[in-house]
Amino acid sequence: MANFFANVFRRNKKLSVDELIVKKTIISFFFFFVFIAGCIWAWKWLRKQPLDGGIRGGIQQPLRKVLDKNEDIFSRFFSKNHLTKTYPVSAAAKKVRVNGDVGMGDDFDTETWELYVIRKKGDTITLKLDDLKKLPKTEVVFNFKCIEGWSQVTYWGGVKFSDFIKAYGLTEESKMKYVALSTPDEEYYVGIDMPSILHPQTILCYEMNGKPLPMNQGYPLRLIIPVKYGIKHIKRIGTIYFDNQRPQDYWYERGYDYYSGL
Ligand SMILES: Nc1nc2c(c(=O)[nH]1)N[C@H]1C(S)=C(S)[C@@H](COP(=O)(O)O)O[C@H]1N2
Ligand SMILES: [Mo]
């Protein structure tokens, strides 16, 4: 038997068809095992790599590098002239899915809610919902996409973030790289790159299906940012500030892509 196997690998030997099959099979198995061993080694290596930080340790640095590369590629293609596909109001869901309730505790007082906009210099603008309602209203009907794999055509109304910037003279702030938004209790927080938040379809949203936002959909104010996945559409905004450093981001800290662009 051993002789037979040795025979098929003898040099300059003319092989019969059967012997050729045996030879090719042996070679295939050899490379198959090398491949599997390589995969196991790569997996073990990856597990041993240092984490990238974040409150639960984050993800392995090589994985983070892949996400950062994705972000780099996606942001190059980003353009404010490229609009997300919109739909007629009639196509919007009447029963809108609710997902995620971090920072949406019951102890929230809608009566005393105010929006804090922290300016660069350290002074804060305090706004009521009526202040925002006075600004021009923008509506958008688009396919809302969650990273969990579902999507739904939904209908929102509010003030375009770029209009809000203009109305409150936040031009200097809008030259910074990021905007940070968080819930009043600071349990949920997102960081958004400036080009995406200034995109013409991004709104500070106070209406859904033509009515005030329902409580679990983020009353009184949420972000609707069609160029991003659902994780960035923060509900119940309490504070907004501007920064050149990447602000902390709830799902980024849990291993997701910071940019989360569509
Ligand atoms: N405050 C807060 N905002 C949030 C979340 C959350 O857990 N807390 N979840 C996000 C996620 S993952 C999604 S998909 C959308 C869902 O919005 P909806 O409940 O209006 O469908 O809200 C986003 N905004
Ligand atoms: Mo989501």
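You'll find the structure just up there.
My aim in this report is to walk through the structure given alongside it, one point at a time. Counting starts from 1 at the beginning of each chain's written sequence and moves along it residue by residue. Key to labels: chains lettered from A, ligands numbered from 1, both in the order written. Note on the predicted model: pLDDT of at least 70 is required for a residue's local features to be given, and 80 or more for side-chain atom pairs to be given and counted; whole-chain, interface and lining totals, by contrast, use all residues. The basis for every side-chain value is the complete set of non-hydrogen atoms in the structure, without hydrogens or water.

Next up on the list: the sheet that holds strand S6 (residues 189-193). The strands making up a sheet associate through backbone hydrogen bonding, with each pair oriented either parallel or antiparallel. The sheet built from 5 strands is open, its strands ordered S2-S1-S10-S5-S6 with mixed pairing. At either margin of the open sheet sits one strand with a lone partner, and together these are strand S2 (124-127) and S6. Within this sheet the neighbouring strands show an average axis-to-axis angle of 20 degrees, counted without direction. Two strands qualify as a pair provided that DSSP identifies no fewer than 2 bridges between them. Starting at the N terminus, helices and strands are each numbered in turn, a helix being any DSSP run of H or I of at least four residues and a strand any DSSP run of E of at least two. As defined by bridge partners, strand S5 (residues 178-182) adjoins strand S10 (residues 239-243) across 5 bridges and the pair is classed as antiparallel. Across the sheet, the residue bridging to Leu 181 is Ile 240, located in S10. Under this scheme, a helix contributes an axis fitted over its contacting stretch, all axes are lines through C-alpha atoms, and angles between N-to-C directions fall in the 0 to 180 degree range.

The rule for a residue being near a molecule or strand is that one of its heavy atoms must lie within 4 Å of it. Lining the immediate surroundings of ligand 1 are 19 residues, of which Arg 97, Asn 99, Val 102, Arg 222 and Lys 235 lie closest. The side chain of Gln 217 places a nitrogen or oxygen atom 3.2 Å from an oxygen atom of ligand 1. If ligand 1 stood free it would expose 530 Å²; the protein chains cover 98% of that surface. Asp, Glu, Lys and Arg are counted as charged, while Ala, Val, Leu, Ile, Met, Phe, Trp, Tyr, Cys and Pro are counted as nonpolar; the rest, among them Gly, fall into the polar class. Here the shell around ligand 1 is built from residues that sort into 9 nonpolar, 6 polar and 4 charged. Polar contacts, as used here, are pairs of N or O atoms within 3.5 Å; protein pairs need one atom able to donate a hydrogen and one able to accept it. Residues neighboring in sequence count only if both atoms are side-chain atoms. Note on areas: these come from Shrake-Rupley sampling with a 1.4 Å probe, and a residue is covered only by the protein chains present in the view.

Once that is clear, we can look at the pairing of S10. A regular strand places its side chains on the two faces of the sheet in alternate fashion. As judged from the 3 bridges shared by strand S1 (residues 115-118) and S10, these two strands associate in the parallel manner. Within S10, the position partnered with Tyr 116 by the bridge is Thr 239.

This part takes up a negative patch on the surface. Patch membership is restricted to residues that have no salt bridge and whose relative accessible area is over 30%. Joining uses 9 Å for like charges and 5 Å for the nonpolar side chains Val, Leu, Ile, Met, Phe, Trp and Tyr. The salt bridge definition used is simple: a Lys or Arg side-chain nitrogen within 4 Å of an Asp or Glu carboxyl oxygen. When charges are counted, neither His nor the chain ends are considered; positive counts come from Lys and Arg and negative counts from Asp and Glu. Charge positions are represented by NZ for Lys, CZ for Arg, CG for Asp and CD for Glu. A contiguous patch of negative charge, built from Asp 106, Asp 107, Asp 185, Glu 186 and Glu 187, is present on the exposed surface. Residue position: Asp 106 is located in the loop between helix H3 (61-77) and S1. We call a residue buried when its accessible area falls under 20% of the maximum for its residue type, exposed when it is over 50%, and partly exposed in between, using a 1.4 Å probe and counting protein chains only. Residue Asp 106 is classed as exposed on the basis of its relative accessible area, which comes to 80%.

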